[in-house]
Amino acid sequence: MACFHLARVKVNWTALLILAHFTYLLIGAIIFQILEREAESNNRNHFQLEKLHFLANYTCLDGPALEKFVQVILYAWEKGVNPSGNSTNPSNWDFSSSFFFAGTVVTTIGYGNLSPSTVSGQVFCVFYALCGIPLNLAFLKQMGKCLTIHLGRLETGMVAVVPHKKAVEALAVSLFFITGSMLFLVIPPLLFSYVESWTFGEAFYFAFITLSTIGFGDYVVGTDPGKEYISLYRCLAGIWIIFALAWLALILNMGVRIMENLVILTHPGFKKHEEEDEDVSSSKLEVTSKI
C-alpha cells in the first residue's frame, strides 16, 4: 500500500511539471503572436511599398533585377557581411571579433549573425565546440564554487557582528544579488548604450538575452559599420559574458533551491518521497553491481 502511494505521488508531481511547462509554452506562444504578428505584417507591407517606390524612381530596373539584388544582399548578410557601407568596413574576423565569436561558441549563445563560411572553419568549429562547451561548463562550475565560498565568508563575517543567522543569510544573499546586478546587468548596459547609441532598454535587453544564452542576434555589440570601436572592445565584451554567466548560474541555482524549499514547506511529504526514491535507486544499483 505504501509503494502504491509513493508511485501515485511521483506520477502526480511529474504530470504537474509537464502540464506547467507546456502551459507556459502555450501562453508564451499566444502572447508573442498577439504582440508581434501585426508588426510583422506592417513591416512586410512597408518593405513591399519601398520596393515599388524604388522601381518607380529607377525605371532602368525591373522587378526581377531588383529581386536578384535583394537576394545578393541577403546572401551577404547570411555570410556575416554587413551590406551597408563599403569594403572599408571593419573585418568580422579580426582578433577581437574572433575572440568574441569563440566565446559565443563555448557558451552556446550563438547570435547567428556570424558563422564560419569555409568548410575547414565549419569542421574546426564542430570540434572546438565539442571540447570547449564541457570546458566552459567546468569553468562556470568552479567559478560558482568560488563565489559560493566568498558568499559563505561574507555570511560568516556578518554573523560575527549580527547574531541572527537567518537574517544575515538573507541580507548576504541580497547584497550578493544587488552587487552582481550592478556589475553585470546595470553598468555594462549603460556602457553599451553609450558606445552603440542604443537606449538603455535595448542595451539591457541585449545583456539579458546574451546572459540567458538565448542569443537572438538582433542586437550584437561591435557590428555598426558607422562606428569606430577600440580594438579590444569585443574582447572585453566576451570576458564580461564569461564572468556574468558564472554569477547568473549561481543566482539561478539559488533560485532553484528556494523553489525546492518552498515545495518542501508546502508539501512536507515530498522530501520523504524523494529520499525513498533515492534509497530504492541505490538498492537497485547495488544489486546490479553484485550481479
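Keep in mind it's a predicted model, so treat the numbers as computed, not measured.

Q: For the overall build of the protein, give the residues involved together with the corresponding values.
A: Tallying secondary structure elements over the protein gives eight helices and zero strands in all. The 291 residues of the protein split such that 25% are buried. Put simply, of all contacts in the protein between residues at least 6 apart along the chain, 58% involve residues at least 24 apart.

Q: Provide a residue-level description of the packing of aromatic side chains, including the pertinent values.
A: Tallied over the full model, the rule gives 17 aromatic pairs. For the ring pair Phe95 and Phe99, a centre distance of 6.2 Å and an interplane angle of 35° mean the geometry is tilted. With Phe95 and Phe99 both in helix α3 (residues 95-106) and four residues apart, the pair spans about one turn of that helix. Relative accessible area serves as the criterion here: at 36%, Phe99 is assigned to the partly exposed category.

Q: Before we move on, can you summarise the nonpolar core with the specific residues and values?
A: Core analysis: the largest hydrophobic core is formed by 30 residues, its most contacted members being Phe192, Val221 and Trp240. Of all the elements in the fold, those that place two or more residues in this core are α4 (119-161), α5 (165-196), α6 (200-211) and α7 (233-266). Among the elements that line this core, the one with the most residues is α7, at 12 residues. Non-local contacts of Trp240, meaning those with residues more than four positions away in its chain, are made with Phe184, Pro188, Phe192, Phe206, Ala207, Thr210 and Leu211. Listed in part, the five residues of the second largest apolar core include Phe101, Val105, Leu114 and Ala129.

Q: Now, about the environment of Thr148: what can you tell me, with residues and values included?
A: The residue Thr148 is located in helix α4 in this model. Residues Thr148 and Trp247, 99 residues apart in the sequence, show an inter-C-alpha distance of 9.9 Å.

Q: I'd like to hear about the UniProt feature "transmembrane region" (unreviewed entry) in the protein, residue by residue, with values.
A: Residues given the UniProt feature "transmembrane region" (unreviewed entry) here are residues 12-35, 119-140, 170-191, 203-221 and 233-252. As annotated, residues 119-140 comprises 100% helix and 0% strand, and the C-alpha atoms at either end are separated by 31 Å. Secondary structure content for residues 233-252 is 100% helix and 0% strand, and the end C-alpha separation is 28 Å.

Q: Quick rundown of the packing of α6 against α7? Include the residues and the values.
A: Interaxial distance between α6 and α7 falls to 10 Å at its minimum, and their mutual angle equals 70°. With respect to α7, the element α6 is oriented roughly perpendicular. Taken as a pair, α6 and α7 cross one another with a handedness that is right-handed. Contact with α6, carried on its side by Phe206, Ala207, Thr210 and Leu211, involves Trp240, Ile241, Ala244, Leu245 and Leu248 of α7 and no other residues of that element. Per-class residue counts for the contact of α6 with α7 are eight nonpolar, one polar and no charged.

Criteria and cut-off values
Residues numbered from 1 in each chain as written. Predicted model: local features only at pLDDT ≥ 70, side-chain atom pairs only at ≥ 80, totals over all residues. Heavy atoms only, no water. Helix = DSSP H or I, 4+ residues; strand = E, 2+ residues; numbered from the N terminus. Buried < 20%, exposed > 50% of the residue type's maximum accessible area, 1.4 Å probe, protein only. Contact = heavy atoms within 4.5 Å. Phe/Tyr/Trp six-rings, centres within 6.5 Å; stacked < 30°, edge-to-face > 60°. Core = buried A, V, L, I, M, F, W, Y, C linked by side-chain atoms within 4.5 Å. UniProt positions renumbered as here; feature names shortened; annotations may be inferred. Axes fitted to C-alpha atoms, helices over the stretch in contact; angles between N-to-C directions. Parallel < 35°, antiparallel > 145°, perpendicular 65-115°, else oblique. Left-handed = near helix turned anticlockwise from the far one by under 90°. Nonpolar A, V, L, I, M, F, W, Y, C, P; charged D, E, K, R; others polar.

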